[in-house]
Amino acid sequence: MAELDQLKQQTCFCLQLMAPELGDASPLVEECFTDAQKYFRNNFILQFRPEAWAKITLTYYKHFLDTGCDVTVAEIVAVVVRDAIGTNRMDFLTLNLAQQKRLQTPQRHEETPSRDKDCPLSLVKK
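Sequence order as written defines residue numbering, which begins from 1 separately in each chain. Reporting of local features is limited, given that this is a predicted model, to residues whose pLDDT is at least 70; pairs of side-chain atoms are given and counted only at 80 or more, and all residues count toward the totals for whole chains, interfaces and linings. Only hydrogens and water are removed before side-chain values are computed, so all heavy atoms of the structure are retained for them.

Chemist: In this structure, what is going on with the packing of helix α2 (residues 26-39) against helix α4 (residues 50-67)? I would like to understand it.
Modeler: Angle between the axes and distance between the axes: these two values describe a pair of packed helices. In the contact formed by α2 and α4, the axes pass within 9 Å of each other and the chain directions differ by 95°. With respect to α4, the element α2 is oriented roughly perpendicular. Together, Leu-28, Val-29, Glu-31, Cys-32, Phe-33, Asp-35 and Ala-36 of α2 and Trp-53, Ile-56, Thr-57, Tyr-60 and Tyr-61 of α4 make up the contact between the two elements. Looking at the contact of α2 with α4, its residues break down into 9 nonpolar, 1 polar and 2 charged. What counts as an axis is a line fitted to C-alpha atoms, over the stretch in contact for a helix, and the angles between N-to-C directions run from 0 to 180 degrees. Counting from the N terminus, the helices are the DSSP runs of H or I reaching at least four residues and the strands are the DSSP runs of E reaching at least two. When an angle is under 35 degrees it counts as roughly parallel; over 145 it counts as roughly antiparallel; between 65 and 115 it counts as roughly perpendicular; any other value is oblique. By definition, residues are in contact when any of their heavy atoms lie within 4.5 Å. Classes in brief: Ala, Val, Leu, Ile, Met, Phe, Trp, Tyr, Cys and Pro nonpolar; Asp, Glu, Lys and Arg charged; the others, Gly included, polar.

Chemist: How should I be thinking about the environment of Glu-3 in this particular structure?
Modeler: Assignment of secondary structure puts Glu-3 in helix α1 (residues 2-18). By relative accessible area, which is 56% here, Glu-3 ends up exposed. It is 9.3 Å that separates the C-alpha atoms of Glu-3 and Asn-42, two residues lying 39 residues apart in sequence. Using a 1.4 Å probe on the protein chains alone, a residue whose accessible area is under 20% of its type maximum counts as buried, one over 50% counts as exposed, and one in between counts as partly exposed.

Chemist: Quick question: what am I supposed to make of a nonpolar patch on the surface here?
Modeler: Patch membership needs two things, relative accessible area over 30% and no salt bridge, and members are linked within 9 Å if like-charged or within 5 Å if nonpolar (Val, Leu, Ile, Met, Phe, Trp, Tyr). Per-residue accessibility takes into account occlusion by the displayed protein chains alone, with areas from the Shrake-Rupley method and a 1.4 Å probe. Salt bridges are identified by distance alone: a Lys or Arg side-chain nitrogen within 4 Å of an Asp or Glu carboxyl oxygen. There is a patch of nonpolar side chains on the surface, built from Val-81, Ile-85 and Met-90 and spanning about 250 Å² of accessible area. Along the chain, Ile-85 turns up in the loop between α5 (73-84) and α6 (87-104). For Ile-85, a relative accessible area of 46% translates into the label partly exposed.

Chemist: Just to check I follow, could you spell out the nonpolar core for this structure?
Modeler: For soluble globular proteins, the rule of thumb is that nonpolar side chains tend to be buried together. What is meant by a nonpolar core is a set of buried Ala, Val, Leu, Ile, Met, Phe, Trp, Tyr and Cys residues, joined one to another through side-chain atoms within 4.5 Å. Phe-33, Phe-40, Ile-45, Trp-53 and Val-73 are the most contacted members of the largest nonpolar core, which has 20 residues in total. Counting residues per element, the ones that place at least two in this core are α1, α2, α4 and α5. It is α1 that contributes the most residues to this core, 5 residues altogether.

Chemist: Can you walk me through the side chain of Asp-35 in this structure?
Modeler: The topology assignment puts Asp-35 in helix α2. Among the polar contacts made by the side chain of Asp-35, one reaches the main-chain amide nitrogen of Val-73 at a distance of 2.6 Å. Polar contact is the term for a pair of N or O atoms within 3.5 Å; when the atoms are in protein, one must be able to donate a hydrogen and the other to accept it, and sequence-neighboring residues count only if both atoms are side-chain atoms.

Chemist: What is the right way to read α1 from this model?
Modeler: Side chains that are three or four residues apart share a direction in an α-helix, a result of its 3.6 residues per turn. A helix is expected to span 1.5 Å for every residue after the first. Helix length check: α1 (17 residues) gives 24 Å between terminal C-alpha atoms against 24 Å at 1.5 Å per residue, within 8%. Among the residues making up α1, those that are buried are Leu-4, Leu-7, Lys-8, Thr-11, Cys-12, Cys-14 and Leu-15. Elements in contact with the buried residues of α1: α2, α3 (42-45) and α4.

Chemist: What is the right way to read the side chain of Thr-57 from this model?
Modeler: Along the chain, Thr-57 falls in helix α4. Polar side-chain contacts of Thr-57 include one of 2.7 Å to the backbone oxygen of Trp-53. Other than its neighbours up to four places away in sequence, Thr-57 contacts Thr-11, Leu-15, Leu-28, Val-29 and Cys-32.

Given below as structure tokens:
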């Protein structure tokens, strides 16, 4: 829980730099994180940088004021992810993630993942 508290504090600092006119941003950040915790696990929340949470908090607050309609953090994240996913970029990012995970795990012996013999896909190393 200390990591989450630290992320909240860092988010407050980022938000103060982004929008100093808001003054003390801690109630806004707390409300945003409380809403996020309704839909996401803490380990997912911790994967976002404080700058991202500051922008999410600002968006969460701004759209509520602009429309009077409650937009959840989950809805904000979902619509941004839906808009941002490009298949080429997604392919690159997931390959990079898989390679990083492989480097982090202890190497057994070098063997390629088993595949169905009918599967036409194979790994090609450059």
